[in-house]
Amino acid sequence: MSEFEKSTVDPAAREMLGKAKKIGYLTTFERAKAQEPRCAFGNTGICCRICMQGPCRIIPKKPGANKGICGAADYTIVARNTVRLIAGGAAAHSDHGRHIATTVLHVAEGHAKDYKINDTAKLMKVAQRIGIATEGKPVNEVAKEVASAALLDFGRLDSSPCTWLETTLTEGRRKKFKDTTIMTSSINGSIAELLHQTHMGVDSDPVNIIFNGLKVALGDLDGEYLATDLSDVLFGTPTPTVSEANLGVLDPEMVNICVHGHNPLLSQMVVDVARQMQDEAKAVGAKGIKLSGICCTGNEVLMRAGVAIATNFATQELAIMTGLVDAVVVDVQCIMPSLRSLAECFHTKIITTMPISKIPGAYHYEFDEEHAAESAKAIIRLAIDTYKLRDAKKIERPDLKNKVIAGFSLEAILDIFSKINPDRPISVLTDAIKAGEIKGVALFAGCNNLKGTHNENHLEIAKQMAANDVFMIATGCAGQAYAMNGLLTPEAVEAYAGPGLKAFIGRLNAKADLTTGLPLIFHMGSCVDNSRTVALLTMMANEMGVDTPQVPFVASAPEPMSEKAVAIGSWFVAMGIPVHIGVIAPVTGSDLVHGVVTQIAKDVFGGHFIMETDHQKAGEKLLAALNERNWKLRIHN
Ligand code: MSK
């Protein structure tokens, strides 16, 4: 085994890790090793840092130390720590959604002139779904009402449910969430309430804490849903697109700009403006401007504009290591602060753009919504100027990239299904499950986590699912792992799909009327676009005449890292879905909390967490969960 095989399965990343070693730079892979051994208290969730008397670490068999100084038991501490992760994730996703909704409102009011309502059909569809009359109204009037309704979900004063939740759930889930008092009325209010509830000396009941954590998780879902809907309204609903992925997309002859983060407000503007600035790049000797993406803002522009993916979360530093990246333009979330110090070894400029997301020493070009195109132009000009400083001696690019077929919004998937059944497109999927041709649907989502080998769990579990005839969808860095390694291609269908899945995708291919074949895994977008995946689940449930916990649908975050992944996993559990995570979450310090999230949750909501680090066993557990549902539906014997 070569030195870097334990770090990553990606050949391009291995090559760049070799370069990092040569120049003596300690990447995130080295820093992860340097953190070992991990603190056993933190690792199991029994370190309490909620008040300044702490940290308190629970030692079960030591009298006095078996509780915190205030008397908090292990279960209280673990529950509080867990739900505070959900609150962090919900805050991040929904703040992103609030930013988009505010921009739609400003566009509708005649401000933010560089943006426009791009997808009127989606706007009208959303308006009708949430009960806003559209007939005879100007587009901007409808947009204003929709954006205002979205913003109300952040701070509603009465106890009526958040609009996006109320209007998208199955009847069964609506009732379940009301009965269990976790239906959210206000995203911001629920986050504030949870932080209050978990303040020192407030709630010590772990079950009560976890239920309110789920309420915040539903707020996260609401924020994701409206972020997706309104991003589609502003920038268009994705349709299938052909692109490419991995470090080989960086072009030695072009000005290379990587967009990194999550919010499409800036990255989409950079894409649009770069098209008009190709001549400026040519004037400095480049052949033009090449954009590529890292993390979910990369997914946003892949889905809508076919922009290439450079790499995913864990390997973001390695893009700079090629010596070819002239600028990394970042917005919010999942941006390693280390990018700045690494960039000092090269000519690369790190450009932060959001007031809440700065890196000491980086260039900060504050994104100004009122002058968005100007902001994007200034950023691109800095990248063009920086191109002139490239040092040929430092350039080393792995010659590896893979073709990518992406852009599968729910609308795009239904459009393909409708070629087979125009009246009830979703039945194409549910009928294939009922017939036993495919076992169900598996969603792969989430990040990279260097507690394991980069991208290994993503790839291996998906291959196992494919061989067992599971239809697969993906979002986030999971989607990028598949993009980087050639699984978003028709060739991967040939290589990995079992006979049932091959026949199913083949039937779609025969009717899809696309210029390319369909891929093995349908990439549905960014982290917030998990809303698209839950919309698919809901549609399947309604078509099958059951509630979501009965649908043969599983979710997996093979390498979860961020608080946002915790929030997503939690609301999927509440939706009744078995959710695999490829790390052991910091809940094992309390048998009670561990039991609630891995077992009791199933009795209450139908979903539960499956913690399994071994990819083979994880795949087996996911398949078992699908088989159980199929058996219960009496589809199979
Ligand atoms: S970017 S949250 S590392 S998926 Fe959405 Fe990737 Fe996870 Fe960030």
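Residues numbered from 1 in each chain as written. Predicted model: local features only at pLDDT ≥ 70, side-chain atom pairs only at ≥ 80, totals over all residues. Heavy atoms only, no water.

1. Describing the domain arrangement of the chain
Here the domain parsing of the chain yields domain 1 (11–57), domain 2 (74–235), domain 3 (247–394) and domain 4 (402–632). Centre-to-centre separation of domain 1 and domain 2, based on C-alpha positions: 33 Å. When domain 1 packs against domain 2, close to 590 Å² is buried across both sides, 70% of that on carbon and sulfur atoms. Connecting domain 1 to domain 2 are zero salt bridges. Among the residues making up the side of domain 1 that touches domain 2, the classes are represented as five nonpolar, two polar and no charged. (Domains from an automatic or database assignment. Buried area = accessible area lost by both parts, 1.4 Å probe. Salt bridge = Lys/Arg side-chain N within 4 Å of Asp/Glu carboxyl O. Nonpolar A, V, L, I, M, F, W, Y, C, P; charged D, E, K, R; others polar.)

2. Quick word on the nonpolar core
Membership of the largest hydrophobic core comes to 176 residues, with the highest contact counts inside it found for Leu429 and Phe572. In this structure, Ile320, Met321, Cys334 and Ile359 belong to the second largest nonpolar core, which totals 37 residues. (Core = buried A, V, L, I, M, F, W, Y, C linked by side-chain atoms within 4.5 Å. Buried < 20%, exposed > 50% of the residue type's maximum accessible area, 1.4 Å probe, protein only.)

3. With respect to the pattern of salt bridges
Taken as a whole and judged by the stated rule, the model has 39 salt bridges. Residue Lys137 pairs with Glu145 through a salt bridge whose shortest N-O separation is 3.0 Å. The salt bridge involving Asp232 is made with Arg532; its shortest N-O contact spans 2.8 Å. Taken as a pair, Asp232 in helix α10 (residues 206–235) and Arg532 in helix α23 (residues 530–544) lie far apart in primary sequence, 300 residues in all. Residue class for Arg532 comes out buried when judged on its relative accessible area of 4%. Three or more residues joined by partner-sharing salt bridges are found here, namely Lys122, Lys125, Arg129, Asp229, Asp232, Glu300, Arg304, Glu411, Asp529 and Arg532. (Helix = DSSP H or I, 4+ residues; strand = E, 2+ residues; numbered from the N terminus.)

4. Here we look at the packing of aromatic side chains
For the coordinates displayed, the defined rule picks out 10 aromatic pairs. Each ring, one from Phe444 and one from Tyr482, has its centre 6.0 Å from the other, and the planes form 75 degrees; the classification is edge-to-face. Of this pair, Phe444 sits in strand β11 (residues 440–444) while Tyr482 sits in helix α20 (residues 476–484), and the two are 38 residues apart along the sequence. For the pair shown, Phe444 and Tyr482 are each scored as buried. Through a chain of ring-to-ring contacts, the aromatic side chains of Phe408, Phe417, Phe471, Phe504 and Phe522 assemble into a single cluster. The lysine or arginine in question, Arg57, covers the ring of Phe41, its NZ or CZ lying 5.5 Å from the ring centre. Between Lys394 and the ring centre of Phe346, over which it is positioned, the NZ or CZ distance is 5.9 Å. (Phe/Tyr/Trp six-rings, centres within 6.5 Å; stacked < 30°, edge-to-face > 60°. Lys NZ or Arg CZ within 6 Å of the ring centre and 35° of its normal.)

5. A short note on the layout of surface pockets
Estimates place the volume of the second largest pocket at around 370 Å³. Forming the boundary of the second largest pocket are 18 residues, of which Asp95, His99, Val332, Met354 and Ile356 lie nearest the centre. Residues of the lining of the second largest pocket, tallied by class, amount to seven nonpolar, six polar and five charged. Domain assignment of the residues forming the lining of the second largest pocket places at least three in each of domain 2 (74–235) and domain 3 (247–394). (1 Å grid on protein atoms, 1.4 Å probe; cavity = no way out; pocket = protein on both sides within 12 Å on 5 of 7 lines; lining within 4 Å. Points joined across faces, edges and corners; volume = space filled by probe spheres on them.)

6. What about unusual backbone geometry?
Look at the link from Glu36 to Pro37: it is a cis peptide, with omega at -10 degrees. Examined against the element boundaries, Pro37 turns out to sit in the loop between α2 (28–34) and α3 (40–44). Note that the residue after Gly54, namely Pro55, is joined by a cis bond; omega there is 5 degrees. The topology assignment puts Pro55 in the loop between β1 (47–48) and β2 (56–57). Notably, Asn246 is not glycine yet its phi reads approximately 110 degrees, a positive angle. With respect to the element layout, Asn246 can be found in the loop between β3 (241–245) and β4 (255–260).

7. A closer look at the pairing of strand β13 (residues 521–525)
Across the five residues that make up β13, a large majority, five, are buried. The sheet contact formed by strand β12 (residues 470–475) and β13 spans four bridges and is parallel. Each bridged residue has a counterpart across the sheet, and for Ala474 the counterpart in β13 is His523. (Pairing = 2+ DSSP bridges.)

8. Notes on α10
The periodicity of an α-helix, 3.6 residues per turn, causes residues three or four positions apart to be oriented the same way. Here α10 is 30 residues long and its end C-alpha atoms lie 42 Å apart, about the 44 Å a rise of 1.5 Å per residue gives. The buried fraction of α10 amounts to 27 of the 30 residues, a majority that puts the element mostly inside the structure. Looking at where α10 begins, the residue whose side-chain oxygen comes 2.9 Å from the main-chain nitrogen of Val207 is Asp205. Just downstream of α10, Gly236 is the residue with a positive phi angle, here 105 degrees. (Expected span 1.5 Å × (residues − 1). Polar contact = N/O pair within 3.5 Å; in protein donor to acceptor, adjacent residues only side chain to side chain.)

9. Digging into the site of the ligand
By nearness alone, every residue bordering the ligand is listed as His262, Cys295, Cys296, Phe313, Cys334, Gly446, Cys447, Cys477, Cys527, Met561, Ser562 and Lys564. Its residues assigned to classes, the shell around the ligand shows eight nonpolar, three polar and one charged. Looking at the shell around the ligand, you find at least three residues from each of domain 3 (247–394) and domain 4 (402–632). (Near = heavy atom within 4 Å.)

10. Overview of helix α16 (residues 372–387)
Along its 16 residues, α16 runs 23 Å from first to last C-alpha, staying within 8% of the 22 Å computed at 1.5 Å per residue. Restricting attention to buried positions, one finds in α16 the residues Ala372, Ala373, Ser375, Ala376, Ile379, Ile380, Leu382, Ala383, Ile384, Thr386 and Tyr387.

11. Describing empty space enclosed by the protein
One pass over the full model with this rule turns up three cavities of 30 Å³ or more. Of the voids in this model, the largest cavity is the one considered here, and its volume is about 140 Å³. Taken together, 18 residues line the largest cavity, and the ones lying closest to its centre are Ala445, Gly446, Ala557, Ala565 and Ile568. Here the element with the most residues in the lining of the largest cavity is helix α24 (residues 563–574); it accounts for five residues. A breakdown of the residues in the lining of the largest cavity according to their chemical character gives 12 nonpolar, five polar and one charged. Space inside the second largest cavity adds up to approximately 100 Å³. Taken together, 13 residues form the lining of the second largest cavity, with Cys48, Cys51, Cys56, Cys70 and Arg80 sitting closest to its centre. Here the lining of the second largest cavity is composed, by residue class, of nine nonpolar, three polar and one charged.

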